[in-house]
Amino acid sequence: LSFDSFIIETIKMDRDFIVKFSDTFAIVLLIAAVFMTATVPINSYDFWWHLKTGEYILGSKTIPETDLFTYTSAPDDPSHPGLPRFILTQNWLYEALYAKINGLLSLKGIIVLRGLLYSLIALSIVSLTSQVRRASFVTLVLFLFATSVALEDSDRPQTFSYLSAMLAVAVIEYSVRSGKKWTLFLNAPLMLLASN
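Computed from a prediction, not measured in an experiment: that's the story for all the values here. (Residues numbered from 1 in each chain as written. Predicted model: local features only at pLDDT ≥ 70, side-chain atom pairs only at ≥ 80, totals over all residues. Heavy atoms only, no water.)

## A look at helix H2 (residues 45–60)
Between its first and last C-alpha, H2 extends 24 Å over 16 residues, near the 22 Å set by a 1.5 Å rise per residue. Turning to H2, its buried residues are Phe47, Trp49, His50, Leu51, Thr53, Gly54 and Ile57. The N-cap of H2, judged by a side-chain oxygen 3.3 Å from the amide nitrogen of Asp46 a few residues on, is Ser44. Downstream of H2 by a residue or two, Lys61 has a phi angle that is positive, lying close to 60 degrees. (Helix = DSSP H or I, 4+ residues; strand = E, 2+ residues; numbered from the N terminus. Expected span 1.5 Å × (residues − 1). Buried < 20%, exposed > 50% of the residue type's maximum accessible area, 1.4 Å probe, protein only. Polar contact = N/O pair within 3.5 Å; in protein donor to acceptor, adjacent residues only side chain to side chain.)

Structure (structure tokens):
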């Protein structure tokens, strides 16, 4: 091994390290930016309805049959048969989770939960890119996505469905890449969460 080849190999190793370090740093920076962007104050008028419904579910240990908090809901609306019942039953798990977190950590806990959810969504999207070096484009898209969602109407149970769907896609991608087909069974609970 000559001195010249030693220097060349050292430079290659350093370059590989710098590339890996910069990719990792970009991802960490991205996730931090998404988390910070998504931790704005509660901004959805529907959130309070979801929170109260969750408190009712935790207190009564049942899912309400009728909407207890909206005086304008019509249980037998012929133009939307079954809609009030569907709205009450589709989000019960998340509403109960919101109420539990609010009871333990107040609204700040729910805001931090939102930041974590959007960070996990961003991380799952980054993990689905075939090359980390494409992260600069992904970073921009995710940052804009997180900003637009956090500044509009983000305190809704659908956030959990977005995360569940992204994780389900990540599980499928991992199964294909690794050849471990048994990991596809992880999608059953993820899809149940997404459907809730």
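Now, onward.
## Considering the side chain of Glu95
Here Glu95 lies in helix H4 (residues 92–128). In terms of polar contacts, Glu95 uses its side chain to reach the side chain of His50, at 2.7 Å.

## Notes on the pattern of salt bridges
On inspection of all chains with the given rule, the structure shows two salt bridges. Its salt-bridge partner being Lys52, residue Glu55 comes within 2.9 Å of it at the nearest N-O pair. Within this pair, Glu55 and its partner Lys52 are both found in helix H2, separated by three residues, close to a single helical turn. The salt bridge involving Glu173 is made with Arg177; its shortest N-O contact spans 3.1 Å. Here the residue Glu173 and the residue Arg177 both occupy positions in helix H6 (residues 158–178), the gap between them amounting to four residues, near one helical turn. Here Glu173 falls in the partly exposed class, since its relative accessible area comes to 29%. With a relative accessible area of 49%, Arg177 lands in the partly exposed category. (Salt bridge = Lys/Arg side-chain N within 4 Å of Asp/Glu carboxyl O.)

## Quick notes on the packing of aromatic side chains
For the structure on display, the rule yields two aromatic pairs. Taking 5.0 Å as the distance between ring centres and 80 degrees as the angle between the ring planes, the aromatic pair formed by Phe47 and Trp48 counts as edge-to-face. Assessed through its relative accessible area of 40%, Trp48 is described here as partly exposed. With a centroid separation of 5.5 Å and 65 degrees between ring planes, the pair formed by Phe47 and Tyr98 is classed as edge-to-face. One end of the pair, Phe47, is in helix H2; the other, Tyr98, is in helix H4, with 51 residues separating them in the sequence. (Phe/Tyr/Trp six-rings, centres within 6.5 Å; stacked < 30°, edge-to-face > 60°.)

## A look at the packing of H2 against H4
Direction vectors running N to C along H2 and H4 enclose 105 degrees, while the axes themselves pass 7 Å from each other. Classed by the angle they form, the pair H2 and H4 counts as roughly perpendicular. The segment H2 lies against H4, with Phe47, Trp48, Trp49, His50, Leu51, Thr53, Gly54, Glu55, Ile57 and Leu58 engaging Trp92, Glu95, Ala96, Tyr98, Ala99, Lys100, Asn102, Leu107 and Ile110. Split into classes, the residues belonging to the contact of H2 with H4 amount to 12 nonpolar, four polar and three charged. (Axes fitted to C-alpha atoms, helices over the stretch in contact; angles between N-to-C directions. Parallel < 35°, antiparallel > 145°, perpendicular 65-115°, else oblique. Contact = heavy atoms within 4.5 Å. Nonpolar A, V, L, I, M, F, W, Y, C, P; charged D, E, K, R; others polar.)

## Digging into the confidence of the model for the protein chain
The predicted coordinates of low-pLDDT regions are not to be read in fine detail. Residue-level pLDDT values for the protein chain average 77, and 67% of them are 70 or greater. Taking the mean pLDDT of every element in the protein chain, the minimum, 62, falls on helix H5 (residues 135–150) and the maximum, 90, on H2. (pLDDT = per-residue confidence, 0-100.)

## A look at H4
Compared with the 54 Å implied by 1.5 Å per residue over 37 residues, the 30 Å span of H4 between its first and last C-alpha is markedly short. Taking the largest bend as the criterion, H4 deviates by roughly 125 degrees, centred on Leu105. (Bend = angle between axes of the 7 residues up to and from the residue.)

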